[in-house]
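This is what each chain is made of:
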Amino acid sequence: MVANSVELMWGPGVIGFMIATAFYGIAFGQYIFYLRSFPQDSKRLKLFILMVFCLGTIHEYALIGMYWSILISCRLSTSLECMAKLPWQMVLGVFMACWIVFAVQCFYAHRVWIITEYNRLITGIICAFALTAFVFGTITGGLIFYTRNPVNLFGKKWCQVSAVAGALCDILITGTVWWFLRPARTGNVRSKPNYINQLAQIFVNMGLFTCMVAIAMVVLYQVQDGGLGQFYSAFPGSLLAKTYLNSMMAVLNARKAIRERQQLEVGLSPMELPTIPTIR
């Protein structure tokens, strides 16, 4: 890497990092809201949410450390290795992002398994895409660990395959949720159709959010010119893990608002709106 082009190379990543930091703050607020609003959720689900949030925290630490090293520490250092190799925090960030994305996609795959009434084909395809993205993302992280070369992050086929598989997984999850919870089919679900439609809308909106970020990575990987343009994918790459974390938390927390609207409109005594894990 050339010292006088650091701003051009890492500019997109820094912009993504600043937005991702704001997203982490939102995720932190959502996590606190979840703990206060859903004490009745199972311990297994709470532990899973805690695990994903901790991974998101480590990922945020890795981003902070990485850009501190690249933009500040290395600017004060005359070491050629400092400017020519990626910092170790980049390796940590890549691995954390892979785990966060994989965990949230598994979370959605389980919901799809229930919503589709245990459709093995659809759920199996979703799991296959999620696993493919995770494996190739992990391979990318391993290459970075051994070489610390930016080419292995932005220019190798492994990261591109991971991005494509992740985008396809998001598209399939979003499409499946929309198809099975669309108004014409909500009679197959044991709940009042209007509230199921609200859940479906939230699912689809959050799925589209993560899907757009994943597709942006795929597109930027394909159009990069091999020079400074290869760093453009760092912008959605910095955002990806936080969008998945916020997507999952938003879907879980949406139950409270829907349940409160249900109580106000129907005028019933407090009752529990069926959560996604209980819908058949």
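Owing to the predicted nature of the structure, the values given are computational and were not obtained by experimental measurement.

**Structural notes on the packing of aromatic side chains**
- As enumerated under the stated definition, the model contains 14 aromatic pairs in all.
- Between the aromatic rings of tryptophan 99 and phenylalanine 134, the centroid separation amounts to 4.7 Å while the plane-to-plane angle is 65°, which identifies the pairing as edge-to-face. On the criterion of sequence distance, the pair formed by tryptophan 99 in helix α4 (residues 88–115) and phenylalanine 134 in helix α5 (residues 120–147) is long-range, its members being 35 residues apart.
- Judged by relative accessible area, tryptophan 99 falls into the partly exposed class, the value being 43%.
- A relative accessible area of 15% means that phenylalanine 134 is categorised as buried.
- Feature note: the residues Tyr24, Phe28, Tyr31 and Phe53 constitute an aromatic cluster, connected by ring pairs.

**Some words on the packing of helix α2 (residues 43–73) against α4**
- It is at 8 Å that the axes of α2 and α4 come closest, and there the two elements cross at 155°. Of the possible angle classes, the one that applies to α2 and α4 is roughly antiparallel. The handedness of the crossing between α2 and α4 comes out as left-handed.
- Grouping the amino acids of the contact of α2 with α4 by side-chain chemistry returns 19 nonpolar, six polar and one charged.

**As for unusual backbone geometry**
- With a phi close to 60°, glutamate 117 is a non-glycine residue in the positive phi region.
- Relative to the helices and strands, glutamate 117 resides in the loop between α4 and α5.
- With phi around 65°, tyrosine 118 is a residue other than glycine that occupies positive phi space.
- Residue placement: tyrosine 118 occurs in the loop between α4 and α5.

**Thoughts on the environment of tyrosine 67**
- Positionally, tyrosine 67 belongs in helix α2.
- You can call tyrosine 67 buried: its relative accessible area is 4%.
- Sequence separation between tyrosine 67 and phenylalanine 17 is 50 residues; the distance between their C-alpha atoms is 8.5 Å.
- Contacts of tyrosine 67, omitting those with residues within four sequence positions, involve Trp10, Gly13, Val14, Phe17, Ile72 and Ser238.
- At 3.2 Å, the side chain of tyrosine 67 and the backbone oxygen of glycine 13 are in polar contact.

**With respect to the confidence of the model for the chain**
- Of the residues in the chain, 75% have a pLDDT of 70 or more, and the chain-wide mean is 80.
- Confidence over residues 188–193 falls short of pLDDT 50; this stretch has 13 contacts with residues more than four positions distant or in other chains.
- Note that pLDDT drops below 50 for residues 268–275; the model gives that stretch 18 contacts with residues more than four away or on any other chain.

**Regarding a nonpolar patch on the surface**
- A cluster of nonpolar side chains, namely Val164, Leu168, Ile171, Ile215, Val219 and Val223, defines an oily patch on the protein surface of about 460 Å² accessible area.
- Mapped onto the nonpolar patch, the elements with two or more residues apiece are α7 (157–180) and α8 (193–223).
- Note that isoleucine 171 resides in helix α7.
- For isoleucine 171, a relative accessible area of 41% gives the class partly exposed.

**Observations regarding empty space enclosed by the protein**
- A complete count under the given rule lists four cavities of 30 Å³ or more for this structure.
- Within this model, the largest cavity holds a volume of roughly 580 Å³.
- Along its surface, the largest cavity is lined by 34 residues, and Val94, Ala97, Met217, Gly237 and Leu240 are the ones closest to its centre.
- Every element with two or more residues in the lining of the largest cavity is listed here: α2, α4, α5, α6 (150–154), α7, α8 and α9 (234–266).
- Top contributing element to the lining of the largest cavity by residue count: α4, with eight residues.

Parameters and conventions
Residues numbered from 1 in each chain as written. Predicted model: local features only at pLDDT ≥ 70, side-chain atom pairs only at ≥ 80, totals over all residues. Heavy atoms only, no water. Phe/Tyr/Trp six-rings, centres within 6.5 Å; stacked < 30°, edge-to-face > 60°. Helix = DSSP H or I, 4+ residues; strand = E, 2+ residues; numbered from the N terminus. Buried < 20%, exposed > 50% of the residue type's maximum accessible area, 1.4 Å probe, protein only. Axes fitted to C-alpha atoms, helices over the stretch in contact; angles between N-to-C directions. Parallel < 35°, antiparallel > 145°, perpendicular 65-115°, else oblique. Left-handed = near helix turned anticlockwise from the far one by under 90°. Nonpolar A, V, L, I, M, F, W, Y, C, P; charged D, E, K, R; others polar. Contact = heavy atoms within 4.5 Å. Polar contact = N/O pair within 3.5 Å; in protein donor to acceptor, adjacent residues only side chain to side chain. pLDDT = per-residue confidence, 0-100. Patch = residues over 30% accessible without salt bridge, like charges linked within 9 Å, V, L, I, M, F, W, Y side chains within 5 Å. Areas by Shrake-Rupley, 256 points an atom, 1.4 Å probe, with all protein chains shown as cover. Salt bridge = Lys/Arg side-chain N within 4 Å of Asp/Glu carboxyl O. 1 Å grid on protein atoms, 1.4 Å probe; cavity = no way out; pocket = protein on both sides within 12 Å on 5 of 7 lines; lining within 4 Å. Points joined across faces, edges and corners; volume = space filled by probe spheres on them.

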